Amino acid sequence: MEKIYSKVQPEKLLHIIFRSEDFKEGRQDIIDPDNFIQCSALQLNKGKTFKAHKHNIRQREWQVIAQESWIVLSGSVRCIFYDLDDSILETPILNAGDASFTLEAGHNYEILEDNTRILEYKTGKYEGQLIDKSFI
């Protein structure tokens, strides 16, 4: 797993890359629980099950940033990760089975192969570009 920290504020984690080879047996929490987006990697054996459950709706009040994740199913993608001052930090390439997580700061993506397939996740509720985005 690659953790990419700000050069402007070196203690601030901005981006995470989780590669398919980073999987280990059992459960790995990729994102710390104090972030809005949560993700864990699960490598489990046949027959594993969990106690049936559902999630409760709760009233919460806090400031929200849209944190985003891309999971590459096939093909490849170049990530352009930005720092807090909008300068480029790193440009890693994701291949099938890899994932990126942007917790804060900017990002962009360049698709490197035709028919690249990606799942994108982000925290909601999405209220449109005028409210949720600032372009670099």
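Structure first, text after, so check above.
Draft legend 1. Spatial organisation of the pattern of salt bridges. In total, this model carries 7 salt bridges according to the counting rule given. In this structure, the salt-bridge partner of Asp29 is Arg27, at a minimum N-O distance of 3.0 Å. Linking Glu120 and Lys122 is a salt bridge whose minimum nitrogen-to-oxygen distance equals 3.7 Å. Under the relative-accessibility criterion, Lys122 is labelled partly exposed at 35%. Connected through shared salt-bridge partners, Glu2, Arg19 and Asp98 make up one network.

Draft legend 2. The layout of surface pockets, seen in detail. Taken as a whole, the largest pocket encloses approximately 920 Å³ of empty space. In terms of lining, the largest pocket is formed by 30 residues, of which the most central are Ala66, His107, Asp132, Lys133 and Ser134. Put simply, the parts of the chain that give the lining of the largest pocket at least two residues each are strand 10 (107-111), strand 11 (117-122) and helix 1 (129-132). In terms of residue count, strand 10 provides more of the lining of the largest pocket than any other element does, 3 residues in total. Across the lining of the largest pocket, the residue classes tally to 12 nonpolar, 8 polar and 10 charged. Taken as a whole, the second largest pocket encloses approximately 300 Å³ of empty space. Residue lining of the second largest pocket: Pro33, Asp34, Asn35, Phe36, Arg60, Trp62, Val64, Gln67, Thr123 and Gly124, and that is the complete set. Classifying every residue of the lining of the second largest pocket gives 4 nonpolar, 4 polar and 2 charged.

Draft legend 3. Region of the structure containing a nonpolar patch on the surface. Together, Leu42, Leu44 and Phe50 make up a nonpolar patch on the protein surface, roughly 280 Å² of accessible area in all. Inspection of the secondary structure puts Phe50 in the loop between strand 4 (40-43) and strand 5 (68-74). Here Phe50 falls in the exposed class, since its relative accessible area comes to 53%.

Draft legend 4. Representation of the environment of Thr49. With respect to the element layout, Thr49 can be found in the loop between strand 4 and strand 5. Taking C-alpha positions, Thr49 is 27 Å from Asn35, a pair spaced 14 residues apart along the chain.

Draft legend 5. Just the nonpolar core, in detail. Residues Ile4, Leu14, Ile17, Trp70, Val72, Val77, Cys79, Phe81, Leu89, Leu94 and Tyr109 constitute the largest nonpolar core, which totals 11 residues. Contributions of two or more residues to this core are made by strand 2 (13-18), strand 5 and strand 6 (76-82). Counting residues per element, this core draws most heavily on strand 6, which supplies 3 residues. Those residues in contact with Leu14 that sit more than four places away from it in its chain are Ile4, Tyr5, Ser6, Tyr82, Asp83, Leu84, Leu89, Phe101, Thr102, Leu103, Glu104 and Ala105. The next biggest cluster of nonpolar side chains, apart from the first, holds 10 residues, and it includes Ile16, Ile30, Ala99 and Phe101.

About the thresholds
- Residues numbered from 1 in each chain as written.
- Predicted model: local features only at pLDDT ≥ 70, side-chain atom pairs only at ≥ 80, totals over all residues.
- Heavy atoms only, no water.
- Salt bridge = Lys/Arg side-chain N within 4 Å of Asp/Glu carboxyl O.
- Buried < 20%, exposed > 50% of the residue type's maximum accessible area, 1.4 Å probe, protein only.
- 1 Å grid on protein atoms, 1.4 Å probe; cavity = no way out; pocket = protein on both sides within 12 Å on 5 of 7 lines; lining within 4 Å.
- Points joined across faces, edges and corners; volume = space filled by probe spheres on them.
- Helix = DSSP H or I, 4+ residues; strand = E, 2+ residues; numbered from the N terminus.
- Nonpolar A, V, L, I, M, F, W, Y, C, P; charged D, E, K, R; others polar.
- Patch = residues over 30% accessible without salt bridge, like charges linked within 9 Å, V, L, I, M, F, W, Y side chains within 5 Å.
- Areas by Shrake-Rupley, 256 points an atom, 1.4 Å probe, with all protein chains shown as cover.
- Core = buried A, V, L, I, M, F, W, Y, C linked by side-chain atoms within 4.5 Å.
- Contact = heavy atoms within 4.5 Å.

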